[in-house]
Amino acid sequence: MTGQPFDYFWLGKLSIDSLPFVEFIRDPNSNTAVGAFAKAAAIGGAMGLMVLLTVFGKWRVFWHEWLTSLDAKKIGIMYIVLAMVMLLRAVIEAGFMRAQQMLAVEQPGPLAPEHFGELFSTHGTIMIFFMAMPFLIGIINVVMPLQIGARDVKFPLLNAISLALTAAGAVLIMISLVIGKFSTGGWSGYPPFTELAFNPGAGVDYWIWAVTLSSIGNTLTGINFAVTIYKLRAPGMTWFRMPLFSWTALCTSIIMIFAMMPLTVATLMLALDRYAGFHFFTNALGGNMMNYTNLFWLFGHPEVYIVILPAFGVFSEVFSTFSGKRLYGYHSLVFATMAIAVLSFCVWLHHFFTMGETADLNAAFGIATMLIGVPTGVKVYDWLLTMVRGRVRLTTAMLFSIMFMVTFVIGGLTGVILANPPVDFAVHNSLFLVAHFHNMLIPGTLFGMFAAYYVWFPKMFGFRLSEKWGRISFWCWSFGFYLAFMPLYALGLMGAMRRSAQWFDPQYLPWLVVAFCGALLILAGLASQVVQLWVSIRDRDTTRVPGGDPWDGRSLEWSMSAPPPEYNFAVIPQVHDRDAFTWMKKNGTSYTAPEHYEDIKMPKNSIVAPVICALTAALGFALTWHIWWLTIASFIAVWATVIARSFCQNTEETIPASQVREEHERWLRSVKALKPAPREHETTSANQGLAEVVV
Amino acid sequence: MNYPSARWVIVLATLFLASCGFSDHGFLAPAGPIAEAQRNHFLSITAWTLVVIVPLFVATPIVLWKYRFGKKDSTYRPNWTFSWILEGLIWGLPLIIVGVLGWNVWKVSHQLDPYTPIASDKPTLRIQVVGLDWKWLFIYPDQKIASVNQLVFPADRPVRFELTSETVMQAFMIPRLGSQIYAMPGMITQLNLLASEPGSYRGQNTQYNGKAFAKQKFTAKAVSEFTFEDWVNQQKSNPPLDISAYNKLARRSVLSEPVFFGNITPGLFQRIIERVKSTPAVELPGAVKQTSEGGS
Amino acid sequence: MNKIRKYSRHPGLNMGSTDPETHEAAETLLFGFWVFLMSDLVLFALLFADYAAQSQHGVAGGPTPGDILDLKNPFIETMLLLVSSFTFGLAALAMKYRQDRTRLVFWLVVTFALGAGFVGLEVYDFTDMISKGHGPQTSGFLSAFFLLVGTHGIHVSSGLIWLLVLLVQVFVFGLNRNVKTRLMRLAIFWHMLDVVWIGIFTFVYLFGVA
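- Identification of chain C as Cytochrome bo(3) ubiquinol oxidase subunit 3 from marine sediment metagenome is taken from an unreviewed UniProt entry.
- Its UniProt record gives chain C a comment under Sequence similarities (unreviewed entry), which states: "Belongs to the cytochrome c oxidase subunit 3 family."
- UniProt lists a comment for chain C under the heading Subunit (unreviewed entry), and it reads "Heterooctamer of two A chains, two B chains, two C chains and two D chains."

- An unreviewed UniProt entry lists chain A under the name Cytochrome ubiquinol oxidase subunit I, from Marinobacter antarcticus.
- Per UniProt, the comment on chain A under Sequence similarities (unreviewed entry) is "Belongs to the heme-copper respiratory oxidase family."
- Here is the UniProt Subcellular location (unreviewed entry) comment for chain A, exactly as written: "Cell membrane".

Pasting the structure below:
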């Protein structure tokens, strides 16, 4: 399993076996071929990116405009790009898993069981920590400051460092694809299976450090967002005038502040067990794995709401905007969001009803879990009622939202079922559970993030995405989802367990074949999104929205050009109404020049974040492979960087009022020249980002 | 079943499920009272929850049709944002249903608590279960025999399992009999099950524990009281299970055939637990001699 | 900004009357730092909870808290830390009247010395325990003990490094707004560590010995 290390001092536990393709060259078979394909794809992707940057001479732009930028919008976009790259990997992995399970009925199947174990572990870890989290944090970064009328988040450098830490974790996961092997302990990494005694390899360490880095990044993000929303709202933006997306961003941030820490603590304790011989979760000498499950799910359940609440916010905006109507039951939705945020901390035990607690405890947590169904159900009906008496426009974002609504309640139904300890005893750890949480996270989080991507893409880049390819991807994803996951409910009820690399029951086969077809359809959906991006960039001159308001938007983020200037608002607006921008449009103040402009202070670019990204990735890699000199060097270097930064005095630059005036007036003139688009032509080139105001 | 009014739902649902191939798998094809109660609870919960979600399935297409953008003659009230009646309904109805379900959960959770002995006029059979990598050891302390990967027990008589694990956390489950419970190293969990009729059911580990996880299956044979006595007597002549035989057995392996032991060392189960708690597992037990390799 | 806003209080040293500009700049910064401290306190809450469980159930035949904990050094450590909090308070008061850099530096140095004494004594205690065979590898209880007390110690040590960096900055930059708000943040960090230590002293040492 582990070969002779090359040189323990300089290279730690790295050996010939940890190098890519060695396994395939030694023993070419279907299993190692899949591994070699993945490694080649990862290396090829990284090389391809570098070649492209070199060929087009974009390294300088990449560095100055992106990597070192402290602009929340750009950081947000980088988060989203990271999420999409990771999504691509994890969906392909899902395809391999579905193929393996389909081909492994009463036979071994193409993949070795450990390889399958790595696949479900990376799939879960990536989807939660490196897809869902970065995606929603990215969207919040782009949208939230614009929505509340702020120029940036409160701590821009901290924001960049959060991204750096998350990216370093993602880099570590990508490296694990190429060098050595990843953990087989699943995304939850339960000890004692992940303890040294049972998993001596580097895989679990990759998992620990990737997850730890991202969880620290997420804690900092939560602090940053919460402070931003508390302190930087525009004048007049009272709590109950705040758009619902920002409300969900706030609730998510608060959950992050409280819930990421248990994860960090759990992974670090596991690390102490593995590296220093402590006894937190070991079998012997007073260790107890039950402490881990409590810590992990104390994070893990709130995490579910961290990833779903922002999506709820997106849906609230989408239903309201594309129904041309104010949000129904705003206060109800706010209270429901807060109720969910509080309840999310009261239910973690339902992840282990089968651990032998008393019936009193199980029942209490079961009831608490079901209670979450109430505010969630309220939300769904509030969205439905938002469409009632509206004029519903079925754009791609709206299609995803409606599909979410009807599909999500099925997941809610199975959630209520699973909340019952007596039933959970029968389906715990089964594919029923797998179907349930995919039923929550795909229509919930992922469709929400897609809807956000379609809605706010024009704001980020100044042109719309292809509606045609958007619809194709929508149908692929929707049908793909139903085909891939409804069979898993059935399989779970038939006693099929999750994480099985092989089956011994021929009756599972038809269901597995259907599920595989669903996975293919989902892959097609993802492929059409890639095509969509390509087509949209190619045709961008026909879909530009210089007016900045392509969807007849209701909140402040639609009130400036697309893409917005670095400082977001030429002048911080005064908010008069919950639908602030709609109010402006109705009262004719939406495109008027203010009386005077002021100088704007914005943070200068900083190399700190990319440096910390590189150093923490090195730190994680060094820890994983026990390369101690590098561990010490990179750890010191990280803190030296932070301290050095604290000696920088000129961290802000001033944009003079004259420049702001010139840019703003130029934009106002260009808006005057645009022809307002009626909603019928929303998805045609007639839509230039200026909405027809119907009074 | 707690709601007589919903009984017909269960009958229909059972028929439907049977036609889909669930008739010989999982707890929807119960072979004992626990699984049966779980199935009934499952179906009634489903029915109750449908009260909340079916209206949405009905209303969504209607709303989408009625208020579609192209239909200009529908009411359009862009500033309509609230109605006390509707709000009361969408908060009230789920609250009532969760109230009903919650009360029911409290009751059924206690009835189906895996630690609660099953009422019966027959004496309970005690079986100690040890989860090994990747096999199950069943010790019959009162009969002083043991078996690996084959669980034989009398039908229609309550069985009380005490479980632990030699390695990592595992979960013991016989789907058609109902509840599962974790088997954890250094600890004892309990599970009470009963098979109504003689029959052969698949049992499995449901908690991932390494490469041969998928192969950690066993057969649970419910037999008549007479056959059970007979079987116990047959096992007495098998080789004994003492600590050294156990150590050999505990090595990581997948067994192609069940193994049986005659005379077991008294207190073995307790000794296993104590040993796991006191000995740091630095080295893996074995991985040398394996009857059949788990995968690649 | 109107006058009321300028002199509004925020959680931290009130500099509204002596240095209103810094006071105002500090408002959001300190608020952010309090939120950070909240997440840091979650960390300690979890470690306390883990200690509560493992000091009871994780002894595993090894020494119990009553066997190996004594109050002498922890009591001295408590006093060092409490006094250091007080001296930091004096430093903060010195800072409030911006001319008095010497006095500020003096009290910061005293604080540093007391903090270093605390860390030194703790390190001595730890090495002593390890040399007696009561290292963190001994049992779940001792793992939890070293993690809880050690995490606090690491926090104090980072506080010391932070203090050093700020001392350098006081000399390099003088008492500008950045340095002042940083000192204000370090002050609440330092006081929080004091509060956490009171928890540790009570919960780990007093309860352990009792």
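## Brief notes about the arrangement of the chains
For step 1, the next point in the chain: Taken together, the two pairs of chains in contact show their highest number of contacts between chains A and B.
For step 2, the next point in the chain: Across the gap from chain B to chain C, with no contact made, the nearest C-alpha atoms are 7 Å apart.

## A word on the pattern of salt bridges
All names here are of chain A.
For step 1, the next point in the chain: Taken as a whole and judged by the stated rule, the model has 30 salt bridges over all chains.
For step 2, the next point in the chain: Two residues, Arg538 and Asp539, come together in a salt bridge whose shortest N-O distance is 3.0 Å.
For step 3, the next point in the chain: Assessed through its relative accessible area of 54%, Arg538 is described here as exposed.
For step 4, the next point in the chain: By relative accessible area, Asp539 is classed as partly exposed at 28%.

## Comments concerning the side chain of Ser253 of chain A
Residues and elements named next belong to chain A.
For step 1, the next point in the chain: Residue position: Ser253 is located in helix 9 (residues 244-276).
For step 2, the next point in the chain: Of note is the side chain of Ser253, whose polar atom sits 2.5 Å from the backbone oxygen of Ala249.
For step 3, the next point in the chain: Excluding anything up to four places from it in sequence, Ser253 contacts Gly222, Phe225 and Ala226.

## Considering the packing of helix 8 (residues 203-231) of chain A against helix 9 of chain A
Residue and element names in this part refer to chain A.
For step 1, the next point in the chain: For the pair helix 8 and helix 9, interaxial distance at closest approach is 7 Å and the crossing angle is 150 degrees. Looking at the two axes, helix 8 sits roughly antiparallel to helix 9. At the point where helix 8 passes helix 9, the crossing takes the left-handed sense.
For step 2, the next point in the chain: In terms of residue class, the contact of helix 8 with helix 9 is made up of 22 nonpolar, nine polar and two charged.

## Thoughts on the pairing of strand 1 (residues 125-132) of chain B
Looking along a regular strand, one sees the side chains alternate between the two faces of the sheet.
For step 1, the next point in the chain: Across the eight residues of strand 1 of chain B, seven count as buried, placing the element largely inside the fold.
For step 2, the next point in the chain: Here strand 1 of chain B folds back onto strand 2 (residues 135-140) of chain B in antiparallel fashion, the turn holding two residues.

## Examining the domain arrangement of chain A
All names here are of chain A.
For step 1, the next point in the chain: The assigned domain composition of chain A is domain 1 (13-56) and domain 2 (57-606 + 651-681).
For step 2, the next point in the chain: If you average the C-alpha positions of domain 1 and of domain 2, the two centres end up 29 Å apart.
For step 3, the next point in the chain: At the interface, 20 residues of domain 1 touch 16 residues of domain 2.
For step 4, the next point in the chain: Across the interface of domain 1 and domain 2, roughly 1,600 Å² is buried in total on both sides, 64% from carbon and sulfur atoms.
For step 5, the next point in the chain: The interface formed by domain 1 and domain 2 includes one salt bridge.
For step 6, the next point in the chain: The partner of Lys181 in a salt bridge is Glu23, and the shortest N-O contact between them spans 3.0 Å.
For step 7, the next point in the chain: At the junction of domain 1 and domain 2, the tally comes to 13 residue pairs in polar contact (both at pLDDT 80 or more).
For step 8, the next point in the chain: Residue classes in the side of domain 1 that touches domain 2 are distributed as 12 nonpolar, five polar and three charged.

## Topic: the environment of Gly186 of chain A
Residue and element names in this part refer to chain A.
For step 1, the next point in the chain: Take Gly186: it is sitting in the loop between helix 7 (156-178) and helix 8.
For step 2, the next point in the chain: Note: C-alpha distance between Gly186 and Trp207 (21 residues apart in sequence) is 9.3 Å.
For step 3, the next point in the chain: Ignoring any residue separated from it by four or fewer positions in sequence, one finds Gly186 in contact with Phe120, Ser121, Thr125, Trp207 and Arg499.

## So, the sheet that holds strand 9 (residues 199-205) of chain B
Residue and element names in this part refer to chain B.
For step 1, the next point in the chain: Pairing is mixed in the open sheet, where five strands are placed in the order 4-10-9-6-7. Sheet topology places strand 4 (150-154) and strand 7 (180-183) at the edges, where each strand pairs with a single neighbour. Averaged over all adjacent pairs, the angle separating strand axes in this sheet is 25 degrees, with direction ignored.
For step 2, the next point in the chain: Pairing of strand 6 (residues 170-173) with strand 7, which is carried by four bridges, proceeds in the antiparallel orientation. Bridging across to strand 7, Phe172 finds its partner in Ile181.
For step 3, the next point in the chain: The sheet strands contacting helix 4 (residues 225-235) are strand 4 and strand 10 (217-223), and the helix crosses strand 4 at an angle near 135 degrees.

## Some words on the interface of chain A and chain C
For step 1, the next point in the chain: Chain A puts 30 residues into the contact, and the matching count from chain C is 36 residues.
For step 2, the next point in the chain: At the boundary of chain A with chain C, total buried surface from both sides reaches about 2,700 Å², with 72% on carbon and sulfur atoms.
For step 3, the next point in the chain: Considering only the side of chain A, the residues that lose the most area to chain C are Lys231, Phe647 and Gln649 of chain A, jointly responsible for 19% of the buried surface there.
For step 4, the next point in the chain: If you look at where chain A meets chain C, you find one salt bridge.
For step 5, the next point in the chain: For the salt bridge of Lys231 of chain A with Glu27 of chain C, the shortest nitrogen-to-oxygen distance reads 3.0 Å.
For step 6, the next point in the chain: Elements represented by at least two residues in the side of chain A that touches chain C include exactly helix 8, helix 9 and helix 10 (289-322) of chain A.

## Things to note about the side chain of Thr543 of chain A
For step 1, the next point in the chain: The topology assignment puts Thr543 of chain A in the loop between helix 17 (509-538) and helix 18 (580-586).
For step 2, the next point in the chain: Thr543 of chain A has contacts with Gly462, Phe463 and Arg464 of chain A, leaving out every residue within four places of it along the chain.

## Considering the sheet that holds strand 11 (residues 259-261) of chain B
Residues and elements named next belong to chain B.
For step 1, the next point in the chain: Spatial strand order, 8-5-1-2-3-11: six strands in an open sheet with mixed pairing. Two strands bound the open sheet, and with one partner strand each, they are strand 8 (189-193) and strand 11. Within this sheet the neighbouring strands show an average axis-to-axis angle of 20 degrees, counted without direction.
For step 2, the next point in the chain: Summarising the sheet, strand 1 and strand 2 pair through five bridges and their orientation is antiparallel. The partner of Gly131 across the bridge, within strand 2, is Trp136.

## Description of the pairing of strand 9 of chain B
Residues and elements named next belong to chain B.
For step 1, the next point in the chain: Pairing between strand 6 and strand 9: two bridges, direction antiparallel. In the sheet register, Phe172 faces strand 9, and the bridge partner there is Asn205.
For step 2, the next point in the chain: Bridge count for strand 9 against strand 10 is six bridges, and the pairing is antiparallel. Residue Ser200 lies in a different strand from strand 10, and its bridge partner there is Lys221.

## So, the interface of chain B and chain A
For step 1, the next point in the chain: The interface is formed by 98 residues belonging to chain B together with 90 residues belonging to chain A.
For step 2, the next point in the chain: Each partner contributes to the roughly 8,200 Å² buried at the junction of chain B and chain A, and carbon and sulfur atoms together form 70% of this total.
For step 3, the next point in the chain: Counting the contacts that link chain B with chain A gives two salt bridges.
For step 4, the next point in the chain: The partner of Glu680 of chain A in a salt bridge is Lys72 of chain B, with the nearest N and O atoms 3.8 Å apart.
For step 5, the next point in the chain: Remark: the boundary between chain B and chain A carries 29 residue pairs in polar contact (both at pLDDT 80 or more).
For step 6, the next point in the chain: Secondary-structure elements contributing two or more residues to the side of chain B that touches chain A are helix 1 (7-22), helix 2 (33-66), helix 3 (84-111), strand 6, strand 7, strand 9 and helix 6 (268-278) of chain B.
For step 7, the next point in the chain: Element by element, the count of residues in the side of chain B that touches chain A is highest for helix 2 of chain B, at 16 residues.
For step 8, the next point in the chain: Here the side of chain B that touches chain A is built from residues that sort into 52 nonpolar, 32 polar and 14 charged.

## Section: the confidence of the model for chain C
For step 1, the next point in the chain: Summing up the model confidence of chain C, the mean pLDDT is 91 and the portion of residues at 70 or higher is 95%.
For step 2, the next point in the chain: When mean pLDDT is compared element by element in chain C, helix 6 (residues 140-173) of chain C scores highest at 97, while helix 1 (residues 3-6) of chain C scores lowest at 47.

## Some thoughts on helix 6 of chain B
Residues and elements named next belong to chain B.
For step 1, the next point in the chain: Every buried residue of helix 6 is listed here: Leu268, Phe269, Ile272, Ile273 and Val276. Burial along helix 6 is one-sided: seen end-on, the buried residues are contained in an arc of 140 degrees.
For step 2, the next point in the chain: Lining the buried residues of helix 6 we find strand 1, strand 2, strand 5 (159-165) and helix 5 (243-249).

## Quick word on helix 2 of chain B
For step 1, the next point in the chain: Across its 34 residues, helix 2 of chain B extends 49 Å between first and last C-alpha, which sits within 8% of the 50 Å expected from 1.5 Å per residue.
For step 2, the next point in the chain: Residue Val51 of chain B marks the point of greatest curvature in helix 2 of chain B, where the axis turns by about 45 degrees; the proline Pro55 of chain B follows within four residues.

Procedures and definitions
- Residue positions are given per chain, counted from 1 along the sequence in the order it is written.
- To label them, take the chains in the order written and letter them from A, then take the ligands in the order written and number them from 1.
- Reporting in this predicted model follows two pLDDT cut-offs: at least 70 for local features of residues, and 80 or more for side-chain atom pairs to be given and counted; totals over whole chains, interfaces and linings ignore these cut-offs and use all residues.
- Heavy atoms throughout the structure, all of them, feed into the side-chain values; hydrogens and water do not.
- UniProt positions are given in the numbering used here, feature names are shortened, and annotations may be inferred rather than shown by experiment.
- Between two residues, a contact is recorded if the distance between any of their heavy atoms is within 4.5 Å.
- Salt bridges are defined by distance alone: a side-chain nitrogen of Lys or Arg within 4 Å of a carboxyl oxygen of Asp or Glu.
- When accessible area is computed with a 1.4 Å probe and restricted to protein chains, residues below 20% of their type maximum are described as buried, those above 50% as exposed, and intermediate ones as partly exposed.
- Labels follow the DSSP assignment, with helices taken as runs of H or I lasting at least four residues and strands as runs of E lasting at least two, numbered in each case from the N terminus.
- Counted as a polar contact is a pair of N or O atoms within 3.5 Å, where, for protein atoms, one must be capable of donating a hydrogen and the other of accepting one, and residues adjacent in sequence contribute only when both atoms are in side chains.
- Every axis in this analysis is a line fitted to C-alpha atoms, fitted for helices over the stretch in contact. Angles between the N-to-C directions lie between 0 and 180 degrees.
- Orientation labels follow simple angle bins: below 35 degrees gives roughly parallel, above 145 gives roughly antiparallel, 65 to 115 gives roughly perpendicular, and whatever is left gives oblique.
- Each crossing is labelled by how the near helix is turned from the far one, with a counterclockwise turn of less than a right angle marking it left-handed and a clockwise turn marking it right-handed.
- Charged means Asp, Glu, Lys or Arg here, nonpolar means Ala, Val, Leu, Ile, Met, Phe, Trp, Tyr, Cys or Pro, and polar covers whatever is left, Gly included.
- Should DSSP find at least two bridges between two strands, the strands are regarded as paired.
- Where each domain begins and ends is defined by an automated method or by a domain database.
- Throughout, buried area stands for the accessible area (probe radius 1.4 Å) lost by two parts on being put together, summed over both.
- Confidence of the prediction at every residue is given by pLDDT, a number between 0 and 100.
- For this quantity, the arc is that covered by the directions from the helix axis to the C-beta atoms.
- Helix span is expected to be 1.5 Å times the residue number reduced by one.
- To get the bend at a residue, fit one axis to the 7 residues ending there and another to the 7 starting there, then take the angle between the axes.

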